[in-house]
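What follows is the residue order along each chain.
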Amino acid sequence: MAVNEILPKSGLDIEDGLVLGSSRGRLWRSLRGNKLGLFGGVLLVIVVLLAILAPILAPYGPAEVHFATPFQKPGTVGFLLGTDDLGRDVFSRMLFGMRASLQVGVLCVLLAVGVGAPLGLLAGYWKWLDAIISRLTDVTLAFPFLIIAVGLAAISGPSLQNAAIALGVAYIPTMIRIVRGETLRIKESDFVLSAKTMDASGLRIVFTHVLPNAASAIIVQATVIMPVAVIGEALLSFLGLGIQPPTPSLGIMLSDAQQYMFRSPTAAIIPGLGIAVICLAFNLFGDALRDAFDPTASSRK
Amino acid sequence: MDSGQPILEVKDLEVSFGEGPVLHGVNFTIRRGERVAIVGQSGSGKSTTVGAILGLLPGNGRITGGSITLDGADLGGASEKQLRHIRGRQIGLVPQDPMSNLNPVMKVGAQIADALAANGHQGRDNIRQRAVNLMTEAGIPDAGRRYGQFPHEFSGGMRQRVLIAISLAGEPELLIADEPTSALDVTVQRQILDHLQTLVDARGTSLLFITHDLGLAADRTDRIIVMANGHIVEVGTPEQILLNPQEEYTQQLVAAAPSLLATVTGEELAGASLPVESKAASTTILEVRGLVKEFTLRSQHGKKFLAVDNVSFSVERGTTTAVVGESGSGKTTIARMILGLEQATSGEALIDGKSITASDGAVRRALRRKVQPVFQDPYGSLNPTFSIERLIDEPLRVFKVGNAASRRARVAQLLDQVALPRTMAQRRPNELSGGQRQRVAIARALALEPEMLICDEAVSALDVLVQDQILDLLAELQNRLGLTYLFITHDLAVVRQIAHQVVVMKAGKVVEDGSVEKVFMAPEADYTKELLGAIPGASFAR
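Conventions we followed
Residues numbered from 1 in each chain as written. Chains lettered and ligands numbered in written order. Predicted model: local features only at pLDDT ≥ 70, side-chain atom pairs only at ≥ 80, totals over all residues. Heavy atoms only, no water. Helix = DSSP H or I, 4+ residues; strand = E, 2+ residues; numbered from the N terminus. Rg over C-alpha atoms; globule rule 2.2 N^0.38 Å. Buried < 20%, exposed > 50% of the residue type's maximum accessible area, 1.4 Å probe, protein only. Contact = heavy atoms within 4.5 Å. Areas by Shrake-Rupley, 256 points an atom, 1.4 Å probe, with all protein chains shown as cover. Lys, Arg positive; Asp, Glu negative; His and termini not counted. Charge placed at Lys NZ, Arg CZ, Asp CG, Glu CD. Pairing = 2+ DSSP bridges. Axes fitted to C-alpha atoms, helices over the stretch in contact; angles between N-to-C directions. UniProt positions renumbered as here; feature names shortened; annotations may be inferred. Core = buried A, V, L, I, M, F, W, Y, C linked by side-chain atoms within 4.5 Å. pLDDT = per-residue confidence, 0-100. Disulfide = S-S within 2.5 Å. Phe/Tyr/Trp six-rings, centres within 6.5 Å; stacked < 30°, edge-to-face > 60°. Lys NZ or Arg CZ within 6 Å of the ring centre and 35° of its normal. Parallel < 35°, antiparallel > 145°, perpendicular 65-115°, else oblique. Nonpolar A, V, L, I, M, F, W, Y, C, P; charged D, E, K, R; others polar. Right-handed = clockwise from strand over helix to strand, strands pointing away.

**Student:** Tell me about the overall build of chain B, and please be specific about residues and values.
**Tutor:** Across its full length, chain B holds 21 helices and 19 strands. The C-alpha atoms of chain B give a radius of gyration of 25 Å, which matches the 24 Å a tight globule of 542 residues would have. Projected onto its principal axes, the C-alpha positions of chain B cover 70 × 55 × 50 Å. When the 542 residues of chain B are sorted by exposure, 55% land in the buried category. Considering only contacts within chain B whose residues lie at least 6 apart along the sequence, 70% involve residues at least 24 apart. Carbon and sulfur atoms make up 48% of the accessible area of chain B, which totals about 21800 Å². Of the charged side chains in chain B, 56 are positive and 62 negative, and the gap between their average positions amounts to 8 Å.

**Student:** Which residues make up the sheet that holds strand E14 (residues 346-351) of chain B, and what values do they have?
**Tutor:** All names here are of chain B. In space, the three strands of this open sheet follow the order E12-E11-E14, with antiparallel pairing throughout. Looking at strand neighbours, the two that pair on one side only are strand E12 (303-316) and E14, the edges of this open sheet. Taking the axes of each pair of neighbouring strands and ignoring which way they run, one obtains an average angle of 20° across the sheet. Bridge analysis of strand E11 (residues 284-297) against E12 gives ten bridges, and the strand direction is antiparallel. Across the sheet, residue Thr 284 finds its bridge partner in E12, namely Glu 316. With respect to the sheet, helix H13 (residues 331-338) is in contact with E11, E12 and E14, its orientation differing from that of E11 by roughly 115°.

**Student:** Run through the UniProt feature "transmembrane region" (unreviewed entry) in chain A, naming residues and quoting values.
**Tutor:** Residue and element names in this part refer to chain A. The sites that UniProt annotates as "transmembrane region" (unreviewed entry) are residues 36-58, 102-124, 136-155, 161-179, 218-243 and 264-285. The span residues 102-124 carries 100% helix and 0% strand; its end-to-end C-alpha distance comes to 31 Å. Taken end to end, residues 161-179 is 100% helix and 0% strand, and its two terminal C-alpha atoms sit 25 Å from one another.

**Student:** I'd love a proper account of the sheet that holds strand E6 (residues 91-94) of chain B, names of residues and values included.
**Tutor:** Residue and element names in this part refer to chain B. Strand order in the open sheet formed by six strands is E6-E7-E8-E3-E9-E10, with mixed pairing between adjacent strands. Each of the sheet's edge strands pairs with one partner strand only, and the pair in question is E6 and strand E10 (231-236). On average, each strand axis in the sheet is inclined to that of its neighbour by 20°, with strand direction left out of account. The sheet contact formed by strand E3 (residues 35-39) and strand E9 (residues 223-228) spans four bridges and is parallel. Looking at E9, one finds that Val 36 is bridged to Arg 223. Packing of helix H7 (residues 186-203) onto the sheet brings it into contact with E3, strand E7 (174-178) and strand E8 (206-211), and relative to E7 it is tilted by some 165°.

**Student:** I'd like to hear about the nonpolar core, residue by residue, with values.
**Tutor:** Membership of the largest hydrophobic core comes to 112 residues, with the highest contact counts inside it found for A:Ile278, B:Val374, B:Ile392, B:Val440, B:Ile442, B:Leu453 and B:Phe487. Per-element accounting of this core gives the leading share, twelve residues, to helix H5 (residues 90-125) of chain A. The contacts of B:Phe487, once residues within four sequence positions are left out, are B:Thr320, B:Thr321, B:Ala322, B:Val323, B:Cys455, B:Val459, B:Leu471, B:Leu474, B:Val494 and B:Ile498. B:Ala113, B:Ala115, B:Leu163 and B:Leu207 belong to the second largest nonpolar core, which has 50 residues in total.

**Student:** Report on the confidence of the model for chain A, specifying residues and quantitative values.
**Tutor:** All names here are of chain A. Across chain A, pLDDT averages 82, with 89% of residues at or above 70. Within chain A, no element has a lower average pLDDT than helix H1 (residues 6-9), which sits at 47, and none a higher one than H5, at 91. A low-confidence stretch, residues 1-10 (pLDDT under 50), is modelled with 23 contacts involving residues beyond four sequence positions or located in other chains.

**Student:** Provide a residue-level description of the side chain of A:Glu233, including the pertinent values.
**Tutor:** Along the polypeptide, A:Glu233 turns up in helix H10 (residues 202-238). Not counting chain neighbours up to four residues away, the residues in contact with A:Glu233 comprise A:Ser101, A:Val104, A:Leu167, A:Ile243, A:Ser249 and A:Gly251.

**Student:** Give me the state of the cysteines: which residues, what numbers.
**Tutor:** If you walk through the whole model with that rule in mind, you get zero disulfides over all chains. No disulfide involves A:Cys279; its nearest neighbouring cysteine sulfur is the one of A:Cys108, lying 12 Å away.

**Student:** Tell me what's going on with the packing of aromatic side chains, and back it up with residues and numbers.
**Tutor:** The geometry of an aromatic ring pair is captured by two quantities: the separation of the ring centres and the angle between the planes. For the structure on display, the rule yields one aromatic pair over all chains. Positioned above the aromatic ring of B:Phe399 is the side chain of B:Arg365, whose terminal nitrogen or guanidinium carbon lies 4.7 Å from the ring centre.

**Student:** So, the packing of H10(A) against helix H12 (residues 266-293) of chain A: which residues are in play, and what are the values?
**Tutor:** Residues and elements named next belong to chain A. Running from N to C, H10 and H12 point in directions that differ by 175°, and their axes come no closer than 9 Å. In terms of axis orientation, H10 runs roughly antiparallel to H12. On H12, the residues touching Ser 216, Ile 219, Val 220, Thr 223, Met 226, Pro 227, Val 230 and Ile 231 of H10 are Ile 275, Ile 278, Cys 279, Phe 282, Asn 283, Gly 286, Leu 289, Arg 290 and Phe 293. A per-class count over the contact of H10 with H12 returns twelve nonpolar, four polar and one charged.

**Student:** So what's going on with the pairing of E7(B)? Which residues, and what values?
**Tutor:** All names here are of chain B. Counted residue by residue, E7 has five buried out of five residues, so it is predominantly covered. Across four bridges, E6 lies against E7 in parallel orientation. Counted as the bridge partner of Val 94 is Ala 177 from E7. As defined by bridge partners, E7 adjoins E8 across five bridges and the pair is classed as parallel. Residue pairing for E8: Leu 175 is matched across the bridge by Leu 207. The parallel pair E7 and E8 is bridged by H7, and the resulting crossover is right-handed.

Have a look at this one:
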């Protein structure tokens, strides 16, 4: 093949290539340099570990009731974070609850990014696909996620997965729109034009040129979806469309505790703090990740 | 004019942003009625000086030393309120970019009226009458009607005239023009500056003219201040600076300024001319035949716009052909059609007898390898998320050339060819300067060993010295690799420096074509003469 001629012809010294160095570890270096991001990453690891190790760490089962000792304050012997109205150990329920909330959040983000980002790229890059995908997006936007959740629950019963799917589907359209907008912008840039003059295929351009440049927008959107999904799960569970009691989630704990808000505020404050910590961890880490991906960000500092 | 009296005195001015000063001991005075130019490249501190004088330093910039005296009053100690009074009434500013300096949702007349009202004029009819007068004075025809139009209905040159009218609204004693025409075509630039000069002279206004173009400064002012890295390098009359520069930096600048080389005499020309490859029987590599491109204007009910109108020319292998024209002449559209990025309405652009748009598969791939582009903006043409190595590697990957090790070796070789250190391979484009980026873009274009490069305004975004270096690099590469260039540019001065053949375009049509010697020495078309006449600094050519 004629194409392969150029390398030998130019009298190349393979050794030459070795001095170029490597950019491996660049992402990691950038992440490590970002103190706040590192804090977010550590927080995230702790939260995930706590959630995964819940069955080992929890002193009691999540649904285990102690009718003799309801409304205990945090710090009570035997109950590290106190108990709720049915005498269930808040610490144990927190561990299991974080597990469920994280599952819903991660599943929802995966669904929104996994489906929304590729569709957005396709819609942004190819005009004829845009007509189809954008109309479908509009149709999906017309259904509030509650309707989708009710529908899913009616078909296959309420569960954690269905709640996550309903929430994920609800956020696909926004993701499509954001990625589509970025794609429309990026595909007009000169570097895409020069890729075309190299005879690069459309798919190649989309995945090697457009996607990395759209990554920061996708990450930002994902970090926005994550906390909203955790709270959305609470709403769905409250309505009986999500996780079924007595299995705990942070949302269920919140809604259970609100009736006894004045007798035992800690039972509500603690899961609330849990949601806040999860969101904070994801946001800080997401910001750091975006900065690491975006080469223009480092020069701004 | 009582030329003895200074209107503006800048003494030991020092300005800092965060840590460390960016302006070091800048000293100069402007006398009444005098025209002074500050010339410097980007980052030389010329705009910072203007910001300091106007009390409009961006961000955390502040004056850390020295003084600025306007008409006997110290500006450094002036309060914001006093400064507001001074700006407009005593100092007028003609800003750089006419596109972004007018409010797009406000009628042009209202924007001038606004400036008049801010300068203490009263009464609607009075203000309107004055605004119309100012517009007429600034050279806007039919000012009464155009008063009620929006900025988007004005061309770039007309917008700049509006900005001039605004700057004159307060009848300032000193007018600061910050690169007032760098965004405009040369012929428009000449009209605007001629007009500005007449206005300034008639009013006895002093002018501080900020520019990167030494030729322009020489044409338009009495005194030139050359700045670099926040220092004043040299001060002198245009003759002193251009014909007898004392400092090394000024000498480099004068040597690099393409506009000053543009009008060399015939004999010198023959000697200085680039050696045309006397390669065995020069053959045609690119042939453009009856190329037409029509755009349908959506806003005007499907009206057709002829961007390229029956253009024909051919390019010999190993030579440089320049396509010259002002904005809207269709030169970039031609480049895009040759590159196969745009479909021609009729006619064809043939590379070695074949057209990219008409072929596909292996034939098209082979053609694409022969012709590679270098774009104008080195900030936009490199994917910011890639490392330099990855960027230069990309065409090799697309064409599946070699293996990982041999591709790396090729990248190293290319970096050598464009004189970039190999240690730069893992940097990202945003860590490089404009000139370095353009070198990367050239290396990428060369990766597939093309026979022809299409340079679309490839040096227009660069500073003079850098531009000179890139042009040298291109000439050297041509000698070494026998490359053919199609050089798309608006700058006749650059053409003079590198091209063998010239195609002059206007409004989609070829006005004139021929060898550089012929077009520069004996231009036939009026438009070519007009273009040549508009090159600044012609009277100072050596």
